[in-house]
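The primary structure of each chain is shown beneath.
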Amino acid sequence: MEKAISNTDTSIFLSYCSADNHDINRIDNLFLRFNIKVTRDIRDLAYNADIHKFMDKVKTHDKIILYVSDSYLKSVNCMYEGAQVLDMQDRVIIILKKGTKLFGVDDKKNLISYWEEKMDNIEIENKAKEIRRDIIEQVYIASSGHPGGSLSIADIMAVLYFDELNIDEKNPKWEDRDRLVLSKGHCSPALYSCLANRGFFDVEKLKTFRNINSNLQGHPDMNKVPGVDISSGSLGQGLSCANGMAIAGKMDNKNYRVYCILGDGEIEEGQVWEAAMASNKYKLDNLCVIVDNNNLQIDGTIEEVMSSYPIDEKFKSFGFQVINIDGHNIQEIIDAFDVAKNVKDKPTCIIAKTIKGKGVSYMENDVKWHGIAPNEEQYQLAMKELGGAI
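Residues numbered from 1 in each chain as written. Predicted model: local features only at pLDDT ≥ 70, side-chain atom pairs only at ≥ 80, totals over all residues. Heavy atoms only, no water.

**Considering the overall build of the protein chain**
Counting its secondary structure elements, the protein chain contains 13 helices and 14 strands. Out of the 390 residues in the protein chain, the part that is buried amounts to 53%. Looking at the protein chain alone, contacts between residues at least 24 apart form 74% of all its contacts between residues at least 6 apart. Roughly 17900 Å² of accessible area belongs to the protein chain as shown, and the carbon and sulfur atoms make up 45% of that amount. (Helix = DSSP H or I, 4+ residues; strand = E, 2+ residues; numbered from the N terminus. Buried < 20%, exposed > 50% of the residue type's maximum accessible area, 1.4 Å probe, protein only. Contact = heavy atoms within 4.5 Å. Areas by Shrake-Rupley, 256 points an atom, 1.4 Å probe, with all protein chains shown as cover.)

**Notes on the confidence of the model for the protein chain**
When the pLDDT values of the protein chain are averaged, the result is 83; 69% of them are 70 or greater. This model gives residues 1-10 a pLDDT under 50, and the stretch forms 22 contacts once residues within four places in sequence are excluded. (pLDDT = per-residue confidence, 0-100.)

**What to know about the pairing of strand β14 (residues 348-353)**
Extensive coverage of β14 is indicated by the burial of 5 of its 6 residues. Where strand β10 (residues 287-293) meets β14, 6 bridges bridge the pair, whose relative direction is parallel. Paired with valine 291 across the bridge in β14 is isoleucine 351. Where strand β13 (residues 321-326) meets β14, 6 bridges bridge the pair, whose relative direction is parallel. Of the residues in β14, the one forming a bridge with isoleucine 323 is isoleucine 350. With helix α12 (residues 330-341) bridging β13 and the parallel β14, this β-α-β connection has right-handed handedness. (Pairing = 2+ DSSP bridges. Right-handed = clockwise from strand over helix to strand, strands pointing away.)

**Looking at the nonpolar core**
Formed by 55 residues in total, the largest nonpolar core has its most connected members in Met157, Leu160 and Tyr161. Beyond its immediate stretch of four places on either side in the chain, tyrosine 161 contacts Ile167, Leu180, Leu191, Cys194, Leu195, Arg198 and Gly227. In this structure, Ala242, Ile267, Leu287 and Cys349 belong to the second largest nonpolar core, which totals 25 residues. (Core = buried A, V, L, I, M, F, W, Y, C linked by side-chain atoms within 4.5 Å.)

**A few points about the pairing of strand β8 (residues 179-182)**
Of the two faces of β8, the one carrying Arg179 and Val181 and the one carrying Leu180 and Leu182 are both buried. Here 4 bridges tie β8 to strand β9 (residues 258-263), and the two strands are oriented parallel to one another. By the bridge assignment for β9, valine 181 is matched with cysteine 260.

**Brief notes about the pattern of salt bridges**
For the structure shown, the criterion picks out 12 salt bridges. Between aspartate 229 and arginine 177 there is a salt bridge; the shortest N-O distance is 2.9 Å. In this pair, aspartate 229 sits in the loop between α7 (188-198) and α8 (238-251) while arginine 177 sits in the loop between α6 (154-164) and β8, placing the two residues 52 residues apart along the sequence. Arginine 177 shares its class with aspartate 229; the two are buried. Taking the shortest distance from any N to any O, the salt bridge between lysine 184 and aspartate 292 comes out at 2.6 Å. Here lysine 184, found in the loop between β8 and α7, pairs with aspartate 292, found in strand β10; they are 108 residues apart in sequence, far enough to count as distant. For aspartate 292, a relative accessible area of 0% puts it in the buried group. Each of Glu164, Asp338 and Lys341 takes part in one network of salt bridges that share partners. (Salt bridge = Lys/Arg side-chain N within 4 Å of Asp/Glu carboxyl O.)

What follows is the structure in structure tokens.
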């Protein structure tokens, strides 16, 4: 919210569409929290309102904020291109930038589905930011850890834990749950953040990361941390474990899915490709591999150390359905998982192009942040960039 609308905006037009006095008070209080000064034009836009005239009326403002009900969205035969959407209980705040275009609903997907999708994605993006803040805090407090690769998978982990995985924090060992194998186990700060924020354990426990008396060790331990499906960190072994889980699911006639996250440096390990042959042999269509292709490993770039490119063609040759995506684009990640669920008689591999250290400017694409912790000044800057309280 603070990033979307702030008191630095010089000219804001606020309209309450079909709002009663109670709703007006609610939205007033919301903006007051951020010390936002607005020009108010309280009016009722009827369902057949001329939106074009409305836009003309406020075209001189830098931002236009419409506050509307779900029923209003369903009835208006137009959508806003380039808008942001925020949810507040049963109401929707649409933030339009100057010059926003209007187009008919027939040109796009169903209007309300479109907004619901955008709102869901915004929630997941916010979760990804929260995960990144947790990663930085864990590594900073511990003065140890692997921030770079943890940050690069934050968006993928956010989609998995807050949209995709069928899991139950009240029953971590539920037999029918989906499984996640974080084969690149040194990126445990991302996993611990997701588990804590899903309710598997108290978020405050993240501050004990790598403490000698804590169960949140540098590499995840399935015997000590609720929600961890496999102990990992010995690189190259995760896909073999994921195969076993997927085969067991087939033998037991279970419907759960298995997800395995590999690093692009990790796939230089020969065991990965032995496991890939088995994934294909046993037609594990309940298995989805995600390769975190951030192009950096501890000693340099993938090309410099031991190139595994072209990664997609290699997995194709091993019989996988391959999907290439932007690993920081929430909708592409969601769509890829949807495709994977409909693949039959063979496993899926999603090649996610990512940026090591994503979200923290001085860490991005810098190999030295593979396995070192930020100092206090660097921590303060990282948390500021990620919008966190310091």
